[in-house]
Amino acid sequence: MAAHRTMDAGRERGYDIAVIGAGSAGFSAAITAAEHGARVALIGHGTIGGTCVNVGCVPSKTMIRAAGALHGARAASRFPGLAGQAQVTAWRELVAAKDALVASLRQKKYVDLLPGYDGITYLQGRARLDGPGVLVNGDALHADRIIITTGARAARPDIVGIESVAALDSTSALELTGLPGSLLVIGAGYIGCELAQMFARMGVQVTLVSRRGVLPEAEPEIAAALSGYFTDEGIRVVCGIAYRRIEQDGSGVTLAVERDGHEERLVAERVLVATGRTPNTEDLGLDEAGIARDPSGAIEVDDRMRTTRPGVYAAGDVTGRDQFVYMAAHGAKLAARNALNGDRLVYDNAAMPAVVFTDPQVASVGLTQAQAGRARYARPDQAHRRRALAATARRAHPGAGGRGQHPERGARDPPRHERAGSGRDDLSVSDHRRRAEARRSGIRQGHRELVVLRGLSRLRGLSRLPGRERCARYRLTAHDGRRQRV
Ligand SMILES: Cc1cc2nc3c(=O)[nH]c(=O)nc-3n(C[C@H](O)[C@H](O)[C@H](O)COP(=O)(O)OP(=O)(O)OC[C@H]3O[C@@H](n4cnc5c(N)ncnc54)[C@H](O)[C@@H]3O)c2cc1C
């Protein structure tokens, strides 16, 4: 993609802000800054649009939706008088249709937005911090402020032999030209769970393996319910194990795991690794710039999105927290506004919504009971504790886990400043108003409501569905640990 203004022009005049990384967070930061009148250099390496549109939310949800259609047809016989059959007839065509959707959304939601912003110069290339400015393809450019939004990539698990195995990750799994007969999915976080079920519904024999269990960050009751649904659908779920080694031979992959002191061998044609995301922070010159990273390599930011170097901010997956597209966009927007207006805005994820796009889906808001306990919200039935909750309403909770909403979905065409996942501007809402709003909507600090949404509709009247008792709607309060069915 060509720059909308030339590099020379940028060098001569300099920029108010340089944004490194042109994914959801980068676009959100650049658009926000341009709308505030700033001259912005948006520097993108790799496919414009980043993870969500190209290899994350959009392609995965497309394939999940297709797999759901297969499942719906097969499950029709649960109703008296219905019968249905469906199977994959041309996997390549399905993948091609998904790629076409990705290309059109990338164009519409990212590429086509740029010409509308005179203040944004898009520069293609790998960027690196260089003294007070940024190096792009070896050319230096000056910017008063820098926002790093370089995202993350699939992590490789620490399993003996993994480097000698042709493992798939979420990106390559969605690009397969043919379906394997069997698949070992290592990691049962949100990506592992969604893809495991998608492939199983496409007709692949799936084994889902995890040390910590299905959705380890979710409420245990919900995780157990989902695990039951997976088993009912024919997915083999293997949890509570330790990985020993992994090997590949002509017929496939063997993962040796240890359970209760015994070794088990799990065999499949292919293996998909979904064990988390590694921040893209190498080769950015962070150490030289004095920008601190946490042990996982993520850039450390404070609650104003500031790194440890004055004038440099970071947002999105590269910070290692709240890895959902709308939180990336939200944090980036806040970083841009703070960079321009004196660091007044605070990142607040206390009532963060999240969804896992399995079937049934898992939806949540705010903290889990365990997280609330760790955050010392365990006994807020005492008045002073409730006041403490209110006082800490603006505190960020990096550990709050869960999943994000589908970013491309929505009933209305959002105004321009909200596109590219930048979301509603609620940054100026006062604490008092935010708490009042939260109370009205039933989302209180220290509470988390979890629902297995689609499970509910199935429960009603579908007595043949095994495991139905496991799936229900709960409200878990951090006040006293009581669980209410609602
Ligand atoms: C399979 C999958 C499914 C997902 N599903 C959902 C979902 O349903 N809902 C949801 O909310 N979230 C979902 N996510 C998470 C979501 O995609 C991410 O949280 C979000 O896209 C992160 O945006 P970002 O801008 O921080 O990073 P990215 O979108 O990754 O953008 C970073 C960009 O920076 C570029 N870059 C890296 N280094 C440099 C450099 N040195 N110079 C210039 N550019 C550089 C990268 O190439 C990339 O283009 C999913 C993720 C995956 C992997």
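Please read these numbers as outputs of a predicted model, since none were measured by experiment. (Residues numbered from 1 in each chain as written. Predicted model: local features only at pLDDT ≥ 70, side-chain atom pairs only at ≥ 80, totals over all residues.)

**Student:** How do you make sense of the overall build of the protein when you look at a structure like this?
**Tutor:** Counting its regular elements, the protein contains 14 helices and 22 strands. Taking all contacts inside the protein whose residues are at least 6 apart in sequence as the whole, residues at least 24 apart take part in 70%. (Helix = DSSP H or I, 4+ residues; strand = E, 2+ residues; numbered from the N terminus. Contact = placed C-beta atoms within 7 Å.)

**Student:** I'm lost on the nonpolar core in this one. Help?
**Tutor:** Soluble globular proteins tend to bury their nonpolar side chains together. Of all hydrophobic cores here, the largest spans 68 residues; its most connected members are Ile17, Ala18, Val19, Val40, Ile43 and Ile147. When residues in this core are grouped by element, the largest group, 10 residues, is from helix α10 (residues 325-341). Once you skip the residues sitting within four places of it in the chain, Ala18 turns out to touch Ala41, Ile43, Val134, Leu141, Ala143 and Ile146. (Core = buried A, V, L, I, M, F, W, Y, C linked by C-beta atoms within 7 Å. Buried ≥ 20, exposed ≤ 12 C-beta atoms within 10 Å, placed from the backbone.)

**Student:** What is the right way to look at the packing of helix α4 (residues 57-75) against helix α5 (residues 91-109) in this model?
**Tutor:** The relative placement of two packed helices is expressed as an angle between their axes plus a distance between the axes. One way to put it is that α4 packs onto α5 with a least axis distance of 10 Å and a crossing angle of 140 degrees. By the criterion of interaxial angle, the relationship of α4 to α5 is oblique. Handedness of the α4/α5 crossing: right-handed. Within the contact between the two elements, α4 uses Val58, Pro59, Thr62, Met63 and Ala66 and α5 uses Leu94, Lys98, Leu101, Val102 and Leu105. (Axes fitted to C-alpha atoms, helices over the stretch in contact; angles between N-to-C directions. Parallel < 35°, antiparallel > 145°, perpendicular 65-115°, else oblique. Left-handed = near helix turned anticlockwise from the far one by under 90°.)

**Student:** I keep staring at unusual backbone geometry and nothing clicks. Help me out?
**Tutor:** A negative phi angle characterises most non-glycine residues, just as the trans form characterises most peptide bonds. Cis geometry marks the peptide bond from Asp359 to Pro360; its omega dihedral reads 5 degrees. Considering the arrangement of structural elements, one finds Pro360 in the loop between β18 (353-356) and β19 (362-366). A positive phi is found at Leu215, a non-glycine position, where the angle reads about 40 degrees. By the element assignment, Leu215 lies in the loop between β10 (205-210) and α8 (220-232). Exposure remark for Leu215: the 26 C-beta atoms within 10 Å place this residue in the buried category.

**Student:** What exactly am I supposed to notice about α5 here?
**Tutor:** An ideal rise of 1.5 Å per residue puts 27 Å on 19 residues; α5 measures up with 27 Å between its terminal C-alpha atoms. The set of residues buried in α5 consists of Val95, Lys98, Leu105 and Lys109. Angular distribution of buried residues about the axis of α5 spans 90 degrees; they occupy a single face of the element. Along α5, exposed side chains directed more than 90 degrees from the buried face belong to Arg92, Glu93, Ala96, Ala100 and Ser104. On the buried face of α5, the contacting elements are α3 (50-54) and α4. (Expected span 1.5 Å × (residues − 1). Arc of directions from axis to C-beta.)

**Student:** I tried to follow the pairing of β19 on my own but got confused; where do I start?
**Tutor:** Along any regular strand the residues' side chains alternate between the sheet's two faces. When you tally the buried positions in β19, you get 5 out of 5 residues, the bulk of the element. One ladder, built from 4 bridges, connects β18 with β19; its direction is antiparallel. Note that in β19 the partner of Val355 across the bridge is Ala363. (Pairing = 2+ DSSP bridges.)

**Student:** Quick question: what am I supposed to make of the sheet that holds strand β5 (residues 133-136) here?
**Tutor:** In sheet architecture, strand pairing relies on hydrogen bonds along the backbone and comes in two forms, parallel and antiparallel. If you trace the 3 strands from one edge of the open sheet to the other, you get β4-β5-β6, paired in antiparallel fashion. Each edge of the open sheet is held by one strand with a lone partner, namely β4 (127-130) and β6 (139-141). Within this sheet the neighbouring strands show an average axis-to-axis angle of 30 degrees, counted without direction. Alignment of β5 against β6, held across 3 bridges, turns out to be antiparallel. Looking at β6, one finds that Val134 is bridged to Leu141.

**Student:** What's the story with the sheet that holds strand β12 (residues 242-249) in this structure? I'm lost.
**Tutor:** Read across the open sheet, the 3 strands follow the order β12-β13-β14; overall the sheet is antiparallel. The outermost strands of the open sheet, each flanked by one partner alone, are β12 and β14 (262-268). Sheet twist, expressed as the average angle between the axes of neighbouring strands with direction ignored, equals 20 degrees. Bridging between β12 and strand β13 (residues 252-259) involves 7 bridges; their strand directions are antiparallel. Bridge assignment links Gln248 to a residue of β13, and that residue is Val253.

**Student:** What's the story with α8 in this structure? I'm lost.
**Tutor:** Because an α-helix packs 3.6 residues into every turn, residues spaced three or four apart end up facing the same way. Given a rise of 1.5 Å per residue, 13 residues ought to cover 18 Å, and the 18 Å separating the end C-alpha atoms of α8 matches this to within 8%. Residues of α8 that are buried: Ile222, Ala223, Ala225, Leu226, Ser227, Tyr229 and Phe230. Among the residues trailing α8, Gly234 stands out with phi positive, at a value near 100 degrees.

**Student:** Would you mind showing me how to read the environment of Ser60 here?
**Tutor:** The topology assignment puts Ser60 in helix α4. Considering only alpha carbons, one finds Ser60 and Phe357, 297 residues apart in sequence, at a separation of 9.4 Å. Ignoring anything within four residues of it in the chain, the contact list for Ser60 reads Ser170, Leu174, Glu194 and Leu195.

**Student:** Help me understand the pairing of strand β2 (residues 40-44) in this model?
**Tutor:** For β2, a buried count of 5 out of 5 residues is recorded, marking the element as mostly surrounded by other parts of the structure. Neither face of β2 is open: one carries Val40, Leu42 and Gly44, the other Ala41 and Ile43, and all of them are buried. Both strand β1 (residues 15-20) and β2 contribute to a ladder of 4 bridges, which runs parallel. Bridge pairing links Ile20 to Ile43 in β2.

**Student:** Help me understand the environment of Gly178 in this model?
**Tutor:** Examined against the element boundaries, Gly178 turns out to sit in the loop between α6 (170-173) and β9 (182-186). Note on Gly178: 8 C-beta atoms within 10 Å, which makes it exposed. Taking the C-alpha atoms as reference points, Gly178 and Val95, separated by 83 residues in sequence, lie 9.4 Å from one another.

**Student:** I keep staring at the confidence of the model for the protein and nothing clicks. Help me out?
**Tutor:** A low pLDDT means the predicted coordinates there should not be read in detail. When pLDDT is averaged across the protein, the result is 81; 75% of the residues are at 70 or more. In the model, residues 1-12 has pLDDT below 50 throughout and makes 21 contacts with residues more than four positions away in sequence or in other chains. Low pLDDT, under 50, characterises residues 380-486; the stretch is placed with 184 contacts to residues that sit more than four places away or in other chains. (pLDDT = per-residue confidence, 0-100.)

**Student:** Looking at this model, I keep getting lost on the packing of α4 against helix α7 (residues 190-201). Mind explaining?
**Tutor:** It is at 8 Å that the axes of α4 and α7 come closest, and there the two elements cross at 40 degrees. Relative to α7, the element α4 lies oblique. Both α4 and α7 take part in a crossing whose hand is left-handed. Every residue of α7 that contacts α4 at Ser60, Met63, Ile64, Ala67, Leu70 and His71 is listed here: Glu194, Leu195, Met198 and Arg201. In the contact of α4 with α7, the residues fall into 6 nonpolar, 2 polar and 2 charged. (Nonpolar A, V, L, I, M, F, W, Y, C, P; charged D, E, K, R; others polar.)

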